[in-house]
Amino acid sequence: MSNVTLTIDGIKVAVPRGTTVLDAATKAGIFIPTLCHDPNLEKYGACRICVVEIKGMRNLPASCCTDAAEGMEVYTKSEAVIEARKTILELLLANHPRDCLTCEKNGNCRLQDYCFYYGVKESSFNGIRKNHPIDDSNPYIIRDHNKCILCGRCIRTCAQVKERSIIDFAYRGFNTKVATAMDMPLAESECVYCGRCVAVCPVGALMFKPLKGKGRAFEIEKRPVTCTFCENGCTFDLNVKDGKVIGVTPREPGEGRPLCLKGRLGLELKYCDEPPKPMLKKNGEFVQVPWAEALEIKDLINKIIELD
Ligand code: FES
């Protein structure tokens, strides 16, 4: 494949034709913020935080969806670019709870990081605010729609899972939200709680419930561990706090993020100091059950006891 050479912030970069400006900048070590972009998902171009200035173009294109071209001159830190990014952040903040002091994602939130980076403290856009109930209906995932920035990463990730695709955008305009079919709570949907959506959420809209309240991002050490439940040998992160394994999470995108349910839950059982208790849905409610019942071997065990 032929190469194209472009200049980004005065640095010459040669990349294969078809490479996006964002990837070319990353190759040159130049930082461009992203929210809706995920290297493991198709191009999307929804949030516009990655805009850049390109000589000869009237608008500021999204670098994650613009292909690098021969002779292109790209500016990632011009006044217009910074102004646009600040405005986007202000628009997002206009409808964000801003409860960073108690948010589980504090220290691990892209919106927070970018507001810090660009010095955005307040929003000059005031209006109606969202007031969605928090979906806490299941033992695994907490959904807070009020923190959702509608980047669509969860939707696109869920769509990659065979026989799932259980969430999508629903409603319109200001009322747009990510919802299950008929906007039911997750517990009443076809969700299998694989946690892929949580792994890709850039803000605090989706959280792993078992990790809630167990520690701030900066207190948790991530220790890579290789999964042995299939021949792929993927790497997950053990979440360690005060020497104890408190959970297992998929690695960051770009590091070959494994998202399989068997791997993550299997490793939780294997490594966690307090492994999760099995839960079964009975009459529409999640209830804790003994392992024998969860594994559907209760009858077998009873027979063995009878034989004794
Ligand atoms: Fe490029 Fe969202 S990261 S448009």
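Below is a summary of the structure that appears in this document. (Residues numbered from 1 in each chain as written. Predicted model: local features only at pLDDT ≥ 70, side-chain atom pairs only at ≥ 80, totals over all residues. Heavy atoms only, no water.)

Along the backbone of the protein chain there are eight helices and 13 strands. Here the protein chain holds 308 residues, and 45% of them are scored as buried. Restricting the contact set of the protein chain to residue pairs at least 6 apart, pairs at least 24 apart contribute 56%. Computing the positive centroid from 43 side-chain charges and the negative centroid from 39, the protein chain places the two 3 Å apart. (Helix = DSSP H or I, 4+ residues; strand = E, 2+ residues; numbered from the N terminus. Buried < 20%, exposed > 50% of the residue type's maximum accessible area, 1.4 Å probe, protein only. Contact = heavy atoms within 4.5 Å. Lys, Arg positive; Asp, Glu negative; His and termini not counted. Charge placed at Lys NZ, Arg CZ, Asp CG, Glu CD.)

All right, on to the packing of helix H2 (residues 79-93) against helix H3 (residues 110-118) then. As a packed pair, H2 and H3 sit with axes 10 Å apart at the nearest point and diverge in direction by 135°. As judged from the angle between their axes, H2 and H3 are oblique. As H2 packs across H3, the resulting crossing turns out to be left-handed. Of the residues in H3, those touching H2 at Ile 82, Arg 85, Lys 86, Leu 89, Leu 92 and Leu 93 are Leu 111, Tyr 114, Cys 115 and Tyr 118. A per-class count over the contact of H2 with H3 returns eight nonpolar, no polar and two charged. (Axes fitted to C-alpha atoms, helices over the stretch in contact; angles between N-to-C directions. Parallel < 35°, antiparallel > 145°, perpendicular 65-115°, else oblique. Left-handed = near helix turned anticlockwise from the far one by under 90°. Nonpolar A, V, L, I, M, F, W, Y, C, P; charged D, E, K, R; others polar.)

Glancing now at unusual backbone geometry. A positive phi angle is found at Arg 98, which is not glycine, with a value near 50°. By the element assignment, Arg 98 lies in the loop between H2 and H3. What makes Arg 98 partly exposed here is its relative accessible area of 33%.

Further remarks concern the sheet that holds strand S2 (residues 11-16). With mixed pairing, the four strands of this open sheet are ordered in space as S2-S1-S4-S3. Here the strands that pair on one side only, and so sit at the sheet edges, are S2 and strand S3 (53-54). Sheet analysis places strand S1 (residues 3-8) next to S2, joined by six bridges and oriented antiparallel. In the sheet register, Thr 7 faces S2, and the bridge partner there is Lys 12. (Pairing = 2+ DSSP bridges.)

This paragraph deals with the packing of aromatic side chains. Tallied over the full model, the rule gives four aromatic pairs. Their ring planes at 55° and their centres at 6.2 Å tell us that Phe 31 and Tyr 114 sit as a pair that is tilted. One end of the pair, Phe 31, is in the loop between helix H1 (21-27) and S3; the other, Tyr 114, is in helix H3, and 83 residues separate them in sequence. By relative accessible area, which is 37% here, Phe 31 ends up partly exposed. Judged by its relative accessible area of 8%, Tyr 114 falls in the buried class. Ring centres 4.8 Å apart and planes at 85° place the aromatic pair Tyr 117 and Tyr 118 in the edge-to-face group. In this structure Tyr 117 comes out as partly exposed when scored by relative accessible area, which is 47%. (Phe/Tyr/Trp six-rings, centres within 6.5 Å; stacked < 30°, edge-to-face > 60°.)

Our next topic: the pairing of strand S7 (residues 177-180). The two faces of S7 match: Lys 177 and Ala 179 on one face and Val 178 and Thr 180 on the other face are all buried. In sequence, strand S6 (residues 167-170) turns back onto S7 through a hairpin of six residues, with Tyr 171 there showing a positive phi of about 65°.

Our focus in this paragraph is the pattern of salt bridges. Applying the stated criterion across every chain yields a total of twelve salt bridges. Of the charged contacts, one joins Asp 38 and Arg 153 as a salt bridge, the two residues approaching to 3.5 Å between their closest N and O atoms. One end of the pair, Asp 38, is in the loop between H1 and S3; the other, Arg 153, is in helix H4 (residues 153-159), with 115 residues separating them in the sequence. You can call Arg 153 buried: its relative accessible area is 3%. Through salt bridges with shared partners, a single ionic network connects Asp 99, Asp 144 and Lys 147. (Salt bridge = Lys/Arg side-chain N within 4 Å of Asp/Glu carboxyl O.)

All right, on to the nonpolar core then. In terms of nonpolar packing, the biggest core is built from 38 residues, with Leu 89 and Leu 111 touching the most fellow members. In this view, Leu 89 contacts Ile 49, Leu 111, Tyr 114, Cys 115, Tyr 118 and Val 120; residues no more than four positions away in its chain are not counted. Of all hydrophobic cores here, the second largest spans 19 residues; its members include Ile 8, Val 21, Ala 62 and Ala 68. (Core = buried A, V, L, I, M, F, W, Y, C linked by side-chain atoms within 4.5 Å.)

Now for H3. Within H3, the full set of buried residues consists of Leu 111, Tyr 114, Cys 115 and Tyr 118. The arc enclosing the buried residues of H3, seen along the axis, measures out at 100°, which places them on a common side. (Arc of directions from axis to C-beta.)

On to the sheet that holds strand S9 (residues 221-226), then. If you walk across this open sheet you meet the three strands as S9-S10-S11, and the pairing is antiparallel. Every other strand in the sheet has two partners, leaving S9 and strand S11 (244-250) as the edge strands with one partner each. In this sheet, adjacent strand axes meet at a mean angle of 35° when their direction is disregarded. In terms of strand pairing, strand S10 (residues 235-241) meets S11 through six bridges, oriented antiparallel. Across the sheet, the residue bridging to Val 240 is Val 245, located in S11. Against the sheet, helix H6 (residues 261-271) touches S9, S10 and S11, its axis set at about 170° to S11.

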